[in-house]
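# Understanding the architecture of this molecule
Listed below, chain by chain, are the residues.
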Amino acid sequence: MKILLLVSAFNGLTQRVYAELKQRDHWVSVEYACTKQQMEEAVTLCKPDLIICPFLKQAIPSSIWQRYLCWIVHPGIKGDRGPSALDWAIQRQLSWWGVTLVEAATDYDAGSIVGSKEFRLPATNKSTVYRHQVTEAAVELILAAIDQLQNKSYKSDPLDYSKPDVKGSWQPLMKQSQRKIDWQQDTTEKILAKLHAAESFPGVKDSINGRTYYLYNGYQEKKLLTNSNVLPGDIIAKKNQAVCRATRDGAVWITHLKQANMVEPQIKLPATAYLTDYLQQTPELFDHELPSYDPTTWQEIYYEENDHVGYLYFNFYNGAMSTEQCYRLLKAYKKAVTRPTRVLVLMGGSDFWSNGINLNTIEASSDSGLEAWENLKQINDLVEEITTTVNKVTVAALKENAAAGGVMLALACDIILIRDGVVLSPYYQHMGLYGSEYWSFNLPRRVGERHASQLMANCLPVLAAEAVSIGLADEILPAQEKVFLSSLAKVCTWYSHKKTTERLVLRKQRIYQLNQQLKPLRQYREEEERKMWQCFMSADSDFHQARKRFVYKSPLITTPTYLAIHRQAVKYWEEKPHIIKRMACL
């Protein structure tokens, strides 16, 4: 089928839908719904069989949905309508929620129902639910509805609130007054529900030391005890750039803040970055170099061991790894390597495996070019340490999506196991960068020179199945989380058998020595860093502008041509006016 995706952003859900459709040999093009005119122009150029809107904030013009079949993904149960569907469900601490696929209509989310799927709603933040339960349900609904279209069994049901299974209702945009935390009265559970419901966007507006901030990424703290001198809302500790605030019945960690400033736009940063002076007398807690998992507190890095297999977790916010985080992870990795295990598994985080260097902390630095350089060197040190580990079998367990330097970090491992449905974005060019993390060594040796060049140039998402087919990953494990973890343990236990490990380690040592003779690893790094230095330090580098657009969430103006297939021919003729003139003379 010829399918057009109308979207507000090429986010995780959109990338997943795009990759799933491409894998099934559909013709797929993308258009950012910036203006009504652009949407109408895209449809005129594309003439699609179907329009799908996985993530769309704008209304589809009636001139489009009255002529074309348009599906909209709504993150709510049947009958739920409004822009804050997930927010209300999470803040109300509902046990079940769902996703509904509806046809476009005059009123928001009021079109005929194509399909709906419910799921158990976990007590976690909105972005996690969106990236997992919502994404899986939406993909399942879209693929099932396309099958119905193709086998001529498609039908949709008008929204009818008299039906017993239509339990939703219209819900307005959730305002900050409805998200506000009452530190004196709200329980820890209620505070966490409010933080979870506002995660990613818009955050919870609150005051700290007389200044107004948006709060993000809350976790319960069960170990720290408060005393009579501490009031609810007070900051009682700091750790790894996060702050811990007392509640009336416990405490919560808040990892990120954004200053509320109506004059100039602000960005999310680790909490202590905004509170440096205020926190001078605040007690600071420190994790061990290789901390064990502790469910009573918040941890970014922790380690578990089972038989001869070690599991290293690094749960960094949005998968971004700052200079300081890379340094701590490198220390933990070096410590894990000394453990009496045969296999070391890199587990990544709960929302992303890794997305490489941290663009927000780079942007906030007084010298962004220099900070980017330091961040790059630190992550390169980590990748080098993994690549040169020759006494263990290293495994990257890609349970979540990864991008840019995060993908290259995984490629440093001997074996890559990927969860079905995971999307990889192994490129840097959209950010104006040449690339680093030893990609020029690790990527071609896995997929070959031709595929490596294509992956870096195309800037298109790669679904798990394609990743395995081209050598970017070694094996797909089941999509369901518990089954994935169980399968992962079985595979890693097999690799940890002494004879298997000895054979793999010996083979790895021989290959490493051969590679060093052909071209030393240090040379790859020097060549990459030389080009990255130019990207970071050149005043007119595309990196600086691309980074600013990313961190400040600048409104989109046009769709990149590599996504907008329907515009590629138009762009070609616009760039070749001499050909048009020549043809006019024929």
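Every chain's residues receive numbers from 1 upward, in the order its sequence appears when written. For this predicted model, a pLDDT threshold of at least 70 governs which residues receive local features, and a threshold of 80 or more governs which side-chain atom pairs are given and counted, while totals over whole chains, interfaces and linings are taken from all residues. By convention in this description, side-chain values take in all heavy atoms of the structure and omit both hydrogens and water.

### Considering the side chain of Asp 186
As a reminder, the rule being used: For helices the rule is a DSSP run of H or I covering at least 4 residues; for strands it is a run of E covering at least 2, with both sets numbered from the N terminus onward. Buried residues are those whose accessible area, probed at 1.4 Å on protein chains only, stays under 20% of the maximum for their type, while exposed residues exceed 50% and partly exposed ones sit between those limits. Residues adjacent in sequence count toward polar contacts only when both atoms are side-chain atoms; beyond that, a polar contact is any pair of N or O atoms within 3.5 Å, and within protein one must be able to donate a hydrogen and the other to accept it.
Mapped onto the elements, Asp 186 comes out in the loop between helix H6 (176–179) and helix H7 (188–197). The exposure class of Asp 186 is buried, given its relative accessible area of 6%. Looking at Asp 186, its side chain comes within polar contact range of the side chain of Lys 194, at 2.8 Å.

### Brief notes about the nonpolar core
Nonpolar side chains in soluble globular proteins generally cluster together in the buried interior. Applied cut-off: We call a set of buried Ala, Val, Leu, Ile, Met, Phe, Trp, Tyr and Cys residues a nonpolar core when their side-chain atoms join them within 4.5 Å. We call two residues in contact when some of their heavy atoms are within 4.5 Å.
Grouped together as the largest cluster of nonpolar side chains are 88 residues, with contacts concentrated most on Leu 312, Leu 443 and Leu 472. Other than its neighbours up to four places away in sequence, Leu 312 contacts Leu 290, Ile 301, Tyr 302, Tyr 303, Leu 329, Ala 332, Tyr 333, Leu 344, Val 345, Leu 346, Met 347 and Gly 348. Of all hydrophobic cores here, the second largest spans 39 residues; its members include Val 17, Val 30, Leu 143 and Leu 563.

### Observations concerning the packing of helix H11 (residues 368–387) against helix H18 (residues 521–537)
Put simply, the test is: To get an axis, a line is fitted to the C-alpha atoms, and for a helix only the part in contact is used. The angle between two axes follows their N-to-C directions and goes from 0 to 180 degrees. Note that the term roughly parallel is reserved for angles under 35 degrees, roughly antiparallel for angles over 145, roughly perpendicular for angles of 65 to 115, and oblique for everything else. Left-handed is the label given to a crossing in which the near helix is rotated counterclockwise from the far helix by less than a right angle, and right-handed is the label when the rotation is clockwise. Just so you know the grouping, Ala, Val, Leu, Ile, Met, Phe, Trp, Tyr, Cys and Pro go in nonpolar, Asp, Glu, Lys and Arg go in charged, and all remaining residues, Gly too, go in polar.
Relative orientation of the contacting elements H11 and H18 amounts to 160°, with a least axis distance of 10 Å. It follows from the interaxial angle that H11 and H18 lie roughly antiparallel. Here the hand of the crossing between H11 and H18 comes out right-handed. Counting all contacts with H11, which are made through Gly 369, Leu 370, Ala 372, Trp 373, Leu 376, Lys 377, Asn 380, Asp 381, Glu 384 and Thr 387, the residues of H18 involved are Leu 521, Arg 522, Arg 525, Glu 529, Met 532, Trp 533, Phe 536 and Met 537. Class assignment for the residues of the contact of H11 with H18 results in 9 nonpolar, 3 polar and 6 charged.

### As for helix H2 (residues 36–46)
How we decide: Think of it as the arc spanned by the lines of direction from the helix axis to the C-beta atoms.
Where H2 is concerned, the buried positions are Gln 38, Met 39, Ala 42, Val 43 and Cys 46. Buried positions in H2, seen along its axis, are confined to an arc of 135° and lie on one side of it. Counted as exposed and oriented over 90 degrees from the buried face of H2: Lys 36 and Gln 37. Backbone geometry just after H2 places Lys 47 at a positive phi near 50°.

### Some thoughts on unusual backbone geometry
The step from Phe 201 to Pro 202 runs through a cis peptide bond, and the omega angle for that step is 5°. With respect to the element layout, Pro 202 can be found in the loop between H7 and strand E7 (204–208). The backbone phi angle of Lys 152 is positive, close to 65°, even though this residue is not glycine.

### Some remarks on empty space enclosed by the protein
Gaps between atoms show up when a probe of the same size as a water molecule is rolled over them. Which entries qualify depends on this criterion: In this analysis the probe radius is 1.4 Å and the grid spacing 1 Å, with only protein atoms considered; a cavity is a set of points the probe fits into but cannot get out of, a pocket is an open set with protein on both sides within 12 Å along at least five of seven lines, and lining residues have an atom within 4 Å of a point. Grid points are joined across faces, edges and corners, and a volume is the space filled by probe spheres set on the points.
Tallying each qualifying case throughout the model produces 1 cavity of 30 Å³ or more. Looking at the largest cavity, its volume works out to about 30 Å³. Residue lining of the largest cavity: His 74, Ile 77, Gly 79, Asp 80, Thr 100, Val 102, Asp 109, Ile 113 and Leu 159, and that is the complete set.

### Notes on the sheet that holds strand E4 (residues 70–74)
For clarity, the threshold we go by: A pair of strands is labelled paired if DSSP reports no fewer than 2 bridges between them.
With respect to topology, 6 strands assemble into an open sheet ordered E2-E1-E3-E4-E5-E6, the strand pairing being mixed. Strand pairing shows two members of the sheet lacking a second neighbour, strand E2 (27–32) and strand E6 (113–120), which therefore form its edges. Averaged over all adjacent pairs, the angle separating strand axes in this sheet is 20°, with direction ignored. Sheet analysis places strand E5 (residues 96–103) next to E6, joined by 7 bridges and oriented antiparallel. The residue of E6 that forms the bridge with Leu 101 is Gly 115.

### Things to note about the packing of aromatic side chains
To be explicit about the condition: Pairing of aromatic rings covers Phe, Tyr and Trp, the last counted by its six-membered ring, and requires centre-to-centre distances within 6.5 Å; plane angles under 30 degrees mean stacked, over 60 mean edge-to-face, and any other angle means tilted.
All chains considered together, the criterion is met by 14 aromatic pairs. Feature note: the residues Tyr 219, Trp 253 and Trp 298 constitute an aromatic cluster, connected by ring pairs.

### Quick notes on the packing of helix H13 (residues 439–447) against H18
Where H13 meets H18, the axes come as close as 8 Å, and the angle between the chain directions of the two elements is 115°. Here Trp 439, Ser 440 and Phe 441 of H13 come into contact with H18, specifically with Leu 521, Tyr 524 and Glu 528. Here the residues of the contact of H13 with H18 are counted per class, giving 4 nonpolar, 1 polar and 1 charged.

### Quick notes on the pattern of salt bridges
Stated precisely, the cut-off is as follows: Between Lys or Arg on one side and Asp or Glu on the other, a salt bridge is scored when a side-chain nitrogen of the former is within 4 Å of a carboxyl oxygen of the latter.
For the structure on display, the rule yields 33 salt bridges. Among the ionic pairs, Lys 548 bridges to Glu 363, the shortest N-O distance being 2.9 Å. With Lys 548 in helix H19 (residues 542–551) and Glu 363 in helix H10 (residues 359–364), this pair connects stretches of sequence that are 185 residues apart. Exposure remark for Lys 548: the relative accessible area of 34% places this residue in the partly exposed category. Via salt bridges that share partners, Arg 16, Glu 20, Arg 24, Glu 136, Lys 399, Glu 400, Arg 419 and Glu 481 belong to a single interconnected network.

### A word on the environment of Gln 429
Inspection of the secondary structure puts Gln 429 in the loop between strand E20 (423–425) and H13. Gln 429 sits in the partly exposed class, given a relative accessible area of 35%. A sequence separation of 113 residues divides Gln 429 from Asp 542, and the C-alpha atoms of the two residues are 9.4 Å apart. Leaving out residues up to four positions away in the same chain, Gln 429 has contacts with Tyr 434, Met 456 and Cys 459.

### Description of the state of the cysteines
As a reminder, the rule being used: By convention in this document, the label disulfide applies to cysteine sulfur atom pairs within 2.5 Å.
Across all of its chains, the model carries 0 disulfides by this definition. No disulfide involves Cys 34; its sulfur sits 14 Å from that of Cys 53, the nearest cysteine.

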